[in-house]
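Here are the chains, one letter per residue:
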Protein chains: 2
Amino acid sequence: MSSTRAFDKVFTKIDELKPEFIGMLSKAIAIPAVSSDESLRPRVVEKAHFLADHLKKLGFADIQLKELGTQPPPVSDPNLQLPPIVLARYGNDPAKKNVLVYGHYDVQPAKLEDGWDSEPFELVVDEKKQVLRARGSSDDTGPLTGWLHVVQAHQAAGVELPVNLITCFEGMEESGSLGLEELIGAEKDKYFKGVDAVCISDNYWLGTRKPVLTYGLRGCNYYQVTIEGPGADLHSGMFGGIIAEPMIDLVQVMSTLVDSQGKILIEGVDAMVAKETEKEQELYKTIDFSVEELNAASGSETALYTKKEDILKHRWRYPSLSIHGVEGAFYSQGAKTVIPAKVIGKFSIRTVPDIDSEKLTQIVVDHCHAAFKKLNSPNRCKAELIHDGNYWVSDPFNAQFQAAAKATKDVYGVEPDYTREGGSIPITLTFEEQLKTSVLLLPMGRGDDGAHSINEKLDISNFVNGMKLMAAYLHYYAESPEK
Amino acid sequence: MSSTRAFDKVFTKIDELKPEFIGMLSKAIAIPAVSSDESLRPRVVEKAHFLADHLKKLGFADIQLKELGTQPPPVSDPNLQLPPIVLARYGNDPAKKNVLVYGHYDVQPAKLEDGWDSEPFELVVDEKKQVLRARGSSDDTGPLTGWLHVVQAHQAAGVELPVNLITCFEGMEESGSLGLEELIGAEKDKYFKGVDAVCISDNYWLGTRKPVLTYGLRGCNYYQVTIEGPGADLHSGMFGGIIAEPMIDLVQVMSTLVDSQGKILIEGVDAMVAKETEKEQELYKTIDFSVEELNAASGSETALYTKKEDILKHRWRYPSLSIHGVEGAFYSQGAKTVIPAKVIGKFSIRTVPDIDSEKLTQIVVDHCHAAFKKLNSPNRCKAELIHDGNYWVSDPFNAQFQAAAKATKDVYGVEPDYTREGGSIPITLTFEEQLKTSVLLLPMGRGDDGAHSINEKLDISNFVNGMKLMAAYLHYYAESPEK
């Protein structure tokens, strides 16, 4: 093992440079790169340039900000440009393996008034809790900048990076990774030629104690149902009871989607789900998880299942439907007596093997239109897909996963759990298929980081150990006989 | 009739002073006095002071800004002060009748991005359409300032005001008139002692052509249903399918309230509604209205009824239930894959004779709790009344209404229609009961003014003729033998 332990010096440098790395993360966090908010698009682009500048300083070469054209409808501004994908490479030694690291620099929306303890785009170093709190700390600016810090730590330690590193950092992950799939297809024999492995650090441990390697993801199909009628919002005193209200129709349509036990009521969805196998059922038994951990993560006792196996299956291998909200209706505190003229209900379905995305969309759209038709309303209804991302399942015992398992033992002193994820990283499957490589999901953060929620955080120890894990993984993978 | 025609000179002055009156209205409009927005409360108070200053300039006496204490829950700031009620009197001649004029200086929320053609709090004089466009132009800043202009026009014309005028201008009408009822009770034998008649100009013509006098109003009970569970918003990938989602429960509960044909599904509500009488059925026949007028006003063909009588009955004498929106859920454009932890559904019921408000609230709250219980959800549900305002029906042939009918003939050359309103002015009934006086609703604006909607407007001709109507009404009522 002695030959690999060159990374011990890198570990020391990661510890030493921690304050500088947190400072760099803080600067990246300060740019509110919310990809779903059209008005913030210039800030998303600004963050891409910020990263490109930093890559340049570190000595990355062939840095390209790949433009992806205009964003397809539905958008307010038909000329809205997609944020660029940041490509860069570090090292070009034909004797070394080529590892592509993917991350996304865009983030979920966040506002102080949502209930954050501090401004979401100002990184707070909470010394008491030993966490870094900010939107993007864990999802995914922290892990993304982690790769850059790993390179810097190698330089500072005077240790050669054992692989050629290629970055692929996108700015639309939280909004369906628009344009990325096409870019990967276009660059597979160009920029990405010769890539041996893809590593994505954009998910979380299952719980809060044990590191994991992840070999499966659910997909996500996001839908909206638009119901409109009146030419403008109306006074409910003057018009209540004499015109058909779009919001009433929408509530009726949305009430046919899913019940309070989480059962999807859209006919045909369950029939597409792969049957459980015995081998698969064995896998759940050894995993460290319990309903108490779920309750701690949700901050409540709202679990729909109490058995560990049921919880993991419904998170990983069964679909779910969430209703996210309504655009166009009253949403503030207090009372507003208006009949909204046009309302847009938003919901998503987490997909699993063997759901076909296109077939699902057809079933969902048909279901919504049929449910609306039953209402016999003079309003108009349109259901549509906003974006979809496929599910993914991989082999957890290939060279990459073995390298990451060894690295985990070195850094954390334990064997990792092998998990799947309820969330989606739509592009995982695309990398695998287009580049014909293995993809590894190597999470940095914990299950209670609150990605997409208020007070998103990354434990300082996860930030530091996560970078060490990245470094050790690269070294172990470099010396693996397999590709 | 010669004795009353002193107001001809007043009419001339109203025409002459039109630009000045529009200028004054513009200044009042510029203060965004949105009573439902806690953060704008200082601006509501600012508008009260603006009006008090103007009353002082006009020579009103005994001007008092009546403080009403803190706003009761639900509020964010437990120390939030209610905006003051502006009391003032003009004239104190015991030989004259005492007329109390009521108006409200607060307005509904409005934002440019809701779809307004111009900034909602900047008055636009649209010369082409001959309208004044701004939030509050018609509801109710235009009519309220109209009373002040009538006094100024009398002064300019050298004509004595034929009555003693008492103002009662409130700043919480759009949020349930909190504190006003108590104030009227407290002042009935003090500031309001000797009031002979109350005139409220805070509603609209039925259509766009014919002036009306209004003798009935629906009430409004506004409710919210809060469903909460998780300790914070959650990622739908990680938690979708394994925890009970408050938004799913809320949609299910709200779907039991009303159907797409406007039928209220809450048991016991219809049973409280007064039966139709033959005399009443006669009344609808002569009124100038049609489904085409409703369609024009709603800007759509979304009418639930085509017969004039059915439309008027369902606007005036049957209850309706509108679902206004959801607080706490995602409401923006695009996609956000979050499970909201706490959602608050908002809906209101327009009430009519003989619905008892307290009994209705009991029925509604019980219904929501029962509907939620059926869901068997581990979340928590609380339904509650935010505010209520009673319905009101009066005698359309008393002295006040006769004076207003004569004035209408003078100004518009036609007999007014006698209407009821679907909307509510909760305080009408309180004035009638507490001051033991008749209340007249004397609308200034038209049915298509878009109160509570985008691009609210007041026709310039309605502004000018409305002030003349106010003036003539005061003169006719002053000389009426009855009180």
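These figures come from a predicted structure and were not determined experimentally. (Residues numbered from 1 in each chain as written. Chains lettered and ligands numbered in written order. Predicted model: local features only at pLDDT ≥ 70, side-chain atom pairs only at ≥ 80, totals over all residues. Heavy atoms only, no water.)

**Observations concerning the interface of chain A and chain B**
Part 1 of the reasoning: At the interface, 93 residues of chain A touch 91 residues of chain B.
Part 2 of the reasoning: Each partner contributes to the roughly 7600 Å² buried at the junction of chain A and chain B, and carbon and sulfur atoms together form 54% of this total.
Part 3 of the reasoning: Applying the counting rule to chain A against chain B returns 0 salt bridges.
Part 4 of the reasoning: Summed over the shared surface of chain A and chain B, the result is 53 residue pairs in polar contact (both at pLDDT 80 or more). (Contact = heavy atoms within 4.5 Å. Buried area = accessible area lost by both parts, 1.4 Å probe. Salt bridge = Lys/Arg side-chain N within 4 Å of Asp/Glu carboxyl O. Polar contact = N/O pair within 3.5 Å; in protein donor to acceptor, adjacent residues only side chain to side chain.)

**Description of the pattern of salt bridges**
Part 1 of the reasoning: Summed over all chains, the structure comprises 44 salt bridges over all chains.
Part 2 of the reasoning: With a shortest N-O distance of 3.6 Å, A:Glu384 and A:Lys382 are connected by a salt bridge.
Part 3 of the reasoning: The salt bridge partner of B:Glu327 is B:Lys346, with a shortest N-O separation of 2.8 Å. Taken together, the residues B:Glu327 in strand β11 (residues 320–327) and B:Lys346 in strand β13 (residues 342–351) connect sequence positions 19 residues apart.
Part 4 of the reasoning: With relative accessibility at 0%, the residue B:Lys346 sits in the buried group. (Helix = DSSP H or I, 4+ residues; strand = E, 2+ residues; numbered from the N terminus. Buried < 20%, exposed > 50% of the residue type's maximum accessible area, 1.4 Å probe, protein only.)

**Focus on helix α13 (residues 460–479) of chain A**
Part 1 of the reasoning: With 20 residues, α13(A) ought to run about 28 Å at 1.5 Å a step, and its terminal C-alpha atoms sit 29 Å apart, in line with that.
Part 2 of the reasoning: Counting buried positions along α13(A) yields 17 of 20 residues, so the element is predominantly enclosed. (Expected span 1.5 Å × (residues − 1).)

**Observations concerning the UniProt feature "site: Important for catalytic activity" (unreviewed entry) in chain A**
Part 1 of the reasoning: What UniProt calls "site: Important for catalytic activity" (unreviewed entry) maps, in this numbering, to A:His235.
Part 2 of the reasoning: Among the secondary structure elements, A:His235 is positioned in strand β10 (residues 234–235).
Part 3 of the reasoning: Among all residues touching A:His235, those that are not within four sequence positions of it are A:Gly240, A:Thr337, A:Ile339, B:Arg350, B:Gly423, B:Ala451 and B:His452. (UniProt positions renumbered as here; feature names shortened; annotations may be inferred.)

**A few points about the sheet that holds strand β5 (residues 131–133) of chain A**
Residue and element names in this part refer to chain A.
Part 1 of the reasoning: Spatial strand order, β4-β5-β18: 3 strands in an open sheet with antiparallel pairing. Two strands in the sheet have a free side with no partner beyond their single neighbour: β4 (124–126) and β18 (457–459). Geometrically, the sheet is characterised by an average inter-axis angle of 20° between neighbouring strands, direction not taken into account.
Part 2 of the reasoning: Here 3 bridges tie β5 to β18, and the two strands are oriented antiparallel to one another. When the bridges of β18 are listed, Val-131 appears paired with Asp-459.
Part 3 of the reasoning: Together, β4, β5 and β18 form the strand contacts of α13, whose direction differs from that of β18 by roughly 65°. (Pairing = 2+ DSSP bridges. Axes fitted to C-alpha atoms, helices over the stretch in contact; angles between N-to-C directions.)

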